[in-house]
Structure formats: C-alpha cells, structure tokens
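# Close look at the chain arrangement
In case you want the letters, here they are:
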Amino acid sequence: MVRYADDLVVLCPTKERADAALAALAEILGGLGLSLAEAKTHVVDMRVLRAGFDFLGFHHRRVESFTRKGRWFCARWPSPRAVKRAKERIREHTARRWLMLSAEYVVEGLNQFLRGWRGYFAKGNSTTVFHDLDEFVTERMARFITKKHGHHGRNYGLRVLIDHDHLGIVRLTGSVRHGPVHAVR
C-alpha cells in the first residue's frame, strides 16, 4: 500500500453528522487495515467562542469579521507550536557559536528559513504573528551584532541594523495573502 495522505479535516453542519462521518471513516479505514489515532482525532464545534483546532501548522478558528459585524469566517494563522519551533530555528541561526562568521552570512542563512516559513504561512490571517516574529528576528540580530562587536545590550546592534537597512533581513509582515473568504451568518 502506498501512503498518499494521513491528515484530513471533515466539515459537518451538526454534531450528529460529524459523529456519523467519523464512524463511517473509521469503518472505511478498518476495511483497509488502518485505524484512527484517538489522541489526534477530535470533533470541534466551531460555533463555540474561541473553539478551534490545529492542523498542518495552522490554528483554525471561527472569528467575527471586523468590517461586517454579524458575519463570521474561518480564520487561520500559525499555531503556537509552529511559532515556538520558528523561534527555536531563529535562535539556532543567531546563536553565539556563529559570532566568528560575518553578519551578512548569518543573515543569508536566516533569510532562507524566513522565506520558506513566509511562503508556507502567508496564506491566511497571519499578520499579527508575522509582526511578532519580525520583532523577534530584529531583537536576535541586534543582540548578535552587539555581541559580535564586543558591546553589551542591544542598542549598538539596533543602530547597525537601522543604519544598514536591516542588512537585508527578509520581513514577514506585508506578505500575507488572504484567500477567498466565505462569510457565514
């Protein structure tokens, strides 16, 4: 057997239909000799305030439109786990062990990661998360540059970044692309 996909989301209008779909899926998988992972299988009522789920690195939640009050849509942004892992990767790219390398070289490696992360998470409602990560990257690079040049704190590194157009660090903010939104009442 060839495995093509192992993740799926089923949208149902009622809990009864969701339970029936889950039972049908379990029966189909059972016929193939497979089973659902109980720890990863959830039925979520998206009409409950702040109820949501994480799927493929995104957190999905039903939110009210800012511009059209009374209209709701399913928004998605990077999950807390995805953000935590991104910060770990940013820390790895700006770790002290790289102080002997040029800042431009460190930025080059960091930019590769940021471009990939931005490409994956740019579809959705990620602006707030992107802004926070941009701030985190700036802070890490400022501290890296300050430490590299034998100063303390972050002010020296911030001045260097500002004076040199952030050394070409890829910015996440401004890259979000919203897909078609289907508002529901």
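This one's a predicted model, so the numbers in the text were calculated from it and none came from an experiment.

## Thoughts on the packing of helix α2 (residues 80–93) against helix α4 (residues 127–148)
Put simply, α2 and α4 touch, their axes get as near as 10 Å, and they point 20° apart. Relative to α4, the element α2 lies roughly parallel. As for how α2 packs across α4, the hand of that crossing is right-handed. Along its contact with α2, which presents Val 83, Ala 86, Lys 87, Ile 90 and Arg 91, the element α4 presents Val 129, Leu 133, Phe 136, Val 137 and Arg 140. Residues of the contact of α2 with α4, tallied by class, amount to seven nonpolar, no polar and three charged.

## Re the pairing of strand β2 (residues 58–64)
Burial of β2 is extensive: five of the seven residues sit out of reach of the surface. Here four bridges tie strand β1 (residues 52–55) to β2, and the two strands are oriented antiparallel to one another. Residue Phe 53 lies in a different strand from β2, and its bridge partner there is His 60. Counted between consecutive antiparallel strands, the loop separating β1 from β2 contains two residues, among which Leu 56 sits at a positive phi close to 55°.

## Points about the sheet that holds β2
The sheet built from three strands is open, its strands ordered β1-β2-β3 with antiparallel pairing. Each edge of the open sheet is held by one strand with a lone partner, namely β1 and β3 (72–78). Mean inter-strand twist for the sheet, computed between neighbouring axes without regard to direction, equals 30°. Bridge count for β2 against β3 is seven bridges, and the pairing is antiparallel. By the bridge assignment, His 60 is partnered in β3 with Arg 76.

## A short note on a positive patch on the surface
Positive charge collects at one region of the surface, where Lys 40, Arg 81, Arg 85 and Arg 89 lie side by side. In this structure, Arg 81 sits in helix α2. The class for Arg 81 is exposed, based on a relative accessible area of 65%.

## Quick notes on the side chain of His 60
If you trace the backbone, His 60 turns up in strand β2. Overall, His 60 belongs to the buried group, its relative accessible area being 12%.

## Some remarks on the packing of aromatic side chains
All told, the structure shown has five aromatic pairs when counted by the stated rule. Three or more aromatic residues link up through ring pairs in this structure, and these residues are Phe 58, Trp 117, Tyr 120, Phe 121 and Phe 130. Here the guanidinium or amino end of Arg 76 rests over the ring plane of Phe 58, the centre of that ring lying 5.0 Å away. The side chain of Lys 87 reaches across the aromatic face of Phe 136, ending 5.2 Å from its centre.

## Comments concerning the nonpolar core
Grouped together as the largest cluster of nonpolar side chains are 29 residues, with contacts concentrated most on Ile 90, Leu 114, Trp 117, Met 141 and Ile 145. Sorting the residues of this core by element identifies α2, α3 (103–121), α4 and α5 (155–163) as the ones contributing at least two each. Residue contributions to this core peak at nine residues, all from α4. Residues in contact with Met 141, not counting those within four places in the same chain, are Thr 94, Ala 103, Val 106, Val 107, Leu 110, Leu 161 and Ile 169.

The rules behind the values
Residues numbered from 1 in each chain as written. Predicted model: local features only at pLDDT ≥ 70, side-chain atom pairs only at ≥ 80, totals over all residues. Heavy atoms only, no water. Axes fitted to C-alpha atoms, helices over the stretch in contact; angles between N-to-C directions. Helix = DSSP H or I, 4+ residues; strand = E, 2+ residues; numbered from the N terminus. Parallel < 35°, antiparallel > 145°, perpendicular 65-115°, else oblique. Left-handed = near helix turned anticlockwise from the far one by under 90°. Contact = heavy atoms within 4.5 Å. Nonpolar A, V, L, I, M, F, W, Y, C, P; charged D, E, K, R; others polar. Buried < 20%, exposed > 50% of the residue type's maximum accessible area, 1.4 Å probe, protein only. Pairing = 2+ DSSP bridges. Patch = residues over 30% accessible without salt bridge, like charges linked within 9 Å, V, L, I, M, F, W, Y side chains within 5 Å. Areas by Shrake-Rupley, 256 points an atom, 1.4 Å probe, with all protein chains shown as cover. Salt bridge = Lys/Arg side-chain N within 4 Å of Asp/Glu carboxyl O. Lys, Arg positive; Asp, Glu negative; His and termini not counted. Charge placed at Lys NZ, Arg CZ, Asp CG, Glu CD. Phe/Tyr/Trp six-rings, centres within 6.5 Å; stacked < 30°, edge-to-face > 60°. Lys NZ or Arg CZ within 6 Å of the ring centre and 35° of its normal. Core = buried A, V, L, I, M, F, W, Y, C linked by side-chain atoms within 4.5 Å.

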